[in-house]
Amino acid sequence: MAFQTYRNFTAVLVLALLATACVAPVGPVEVTRFHAPAEVAQLGRGTIAIEAGPQMDAQSIEFRTFAASVEQALASVGYQPVSGADAAFAANRATVRFDREVLEAGQRRSPISVGVGGSTGSYGSGIGLGIGINLGGAPKPQVATQLSVAIRRSSDNAVLWEGRAISEAKMGTPMAETGLSAAKLAKSLFTDFPGRSGETIEVP
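Quick caveat, the model's predicted, so the values are computed rather than measured.

**Notes on the overall build of the protein**
- A count of helical and extended segments in the protein gives three helices and nine strands.
- Ordering the α and β elements of the protein from the N terminus gives α-β-β-α-β-β-β-β-β-β-α-β.
- Across the 204 residues of the protein, 46% fall into the buried class.
- Of all intrachain contacts in the protein linking residues separated by at least 6 positions in sequence, the fraction that spans at least 24 positions is 80%.
- As displayed, the protein has an accessible area near 9700 Å², and 55% of this comes from carbon and sulfur atoms.

Right, here's the structure in full:
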């Protein structure tokens, strides 16, 4: 389902996120990207429409928050985001999905396998972002937030690029909230776009 017009929402959201980011601590983000070498020249150009991934509610405020952040990141790497009636004619499509997992002290997040253009890999079992310890009581659970984006060519639905960004934050802290995590994850995911295929990096 094509994502509906949200440009006014995006403008207000970005200002709010920037204000929040000035006062809220933000931890590192683990990023993994995959792309087909033959398609690199096509990345970062042309029109692109954002759509919801499986089991995502495109009309929810939470999804719109993540989609707005992804739209800003796509524009920063050269794409021309379109929405509304123009979305049907976009040369590319970006499928957006996000997930959250609450991790108790000592628990590791589930590894996830991804692959594009015949290459496969996994992440989630490598770099650990750490778990804070509350000396005054039991450690607080960690909230692992994952943003996933796949860019497809509209003409043949071929996947040109796919990426995952994951952050972990103590439950109840600003980074565990939707607004700040969405902005940070989207920006990190498209840092040095398209990235080295199959490599997992940590973005501060």
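Back to the write-up after that little detour.
**A short note on the pairing of strand 7 (residues 142-153)**
- The buried fraction of strand 7 amounts to 11 of the 12 residues, a majority that puts the element mostly inside the structure.
- Pairing of strand 4 (residues 92-103) with strand 7, which is carried by 12 bridges, proceeds in the antiparallel orientation. Across the sheet, Glu101 pairs through a bridge with Ala144, a residue of strand 7.
- Alignment of strand 7 against strand 8 (residues 159-170), held across 11 bridges, turns out to be antiparallel. Note that in strand 8 the partner of Val143 across the bridge is Ala169.
- Connecting strand 7 to the next strand, strand 8, in antiparallel fashion are five residues, including Asn157 with a positive phi near 65°.

**Digging into the environment of Asn92**
- In this fold, Asn92 is placed in strand 4.
- Exposure remark for Asn92: the relative accessible area of 6% places this residue in the buried category.
- In sequence terms Asn92 and Gln80 are 12 residues apart; their C-alpha atoms lie 9.7 Å from each other.
- Those residues in contact with Asn92, other than ones at most four positions away along the chain, are Arg45, Gly46, Thr47, Ile48, Ala49, Tyr79, Ile151, Arg152, Arg153, Ser154 and Leu160.
- Of the polar contacts made by the side chain of Asn92, one reaches the backbone oxygen of Arg45; its length is 3.4 Å.
- In this structure the side chain of Asn92 is engaged in a polar contact, spanning 3.1 Å, whose partner is the backbone oxygen of Thr47.

**Thoughts on the packing of aromatic side chains**
- Counted according to the given criterion, the structure contains five aromatic pairs.
- Their ring planes at 70° and their centres at 6.3 Å tell us that Tyr79 and Phe193 sit as a pair that is edge-to-face. With Tyr79 in the loop between helix 2 (61-76) and strand 3 (80-82) and Phe193 in the loop between helix 3 (178-189) and strand 9 (200-203), the pair connects residues that are 114 residues apart, well separated along the chain.
- Residue classification places Tyr79 among the buried residues on the basis of a relative accessible area of 3%.

Criteria and thresholds
All residue numbers refer to position in the chain's written sequence, counted from 1. Under the rules for a predicted model, residues below a pLDDT of 70 receive no local features and side-chain atom pairs below 80 are neither given nor counted, while totals for whole chains, interfaces and linings still include all residues. Hydrogens and water are ignored here; the side-chain numbers use all heavy atoms of the structure. Per the convention used, a helix needs a DSSP run of H or I reaching at least four residues, while a strand needs a run of E reaching at least two, with both numbered from the N terminus. Accessible area is worked out with a 1.4 Å probe on protein chains only. A residue is then buried under 20% of its type maximum, exposed over 50%, and partly exposed in between. Note on contacts: a residue pair is in contact if any heavy atoms of the two residues lie within 4.5 Å. To be clear on the numbers: accessible area is Shrake-Rupley with a 1.4 Å probe, and residue cover counts the displayed protein chains and nothing else. Note on pairing: DSSP must find at least two bridges between two strands before they are called paired. The term polar contact refers here to a pair of N or O atoms within 3.5 Å; inside protein, the definition further demands a hydrogen-donor-capable atom paired with an acceptor-capable atom, and it admits residues adjacent in sequence only when both atoms are side-chain atoms. The aromatic pairing rule takes the rings of Phe, Tyr and Trp, using the six-membered ring of Trp, and pairs them if the centres are within 6.5 Å, calling planes under 30 degrees apart stacked, those over 60 edge-to-face and the rest tilted.

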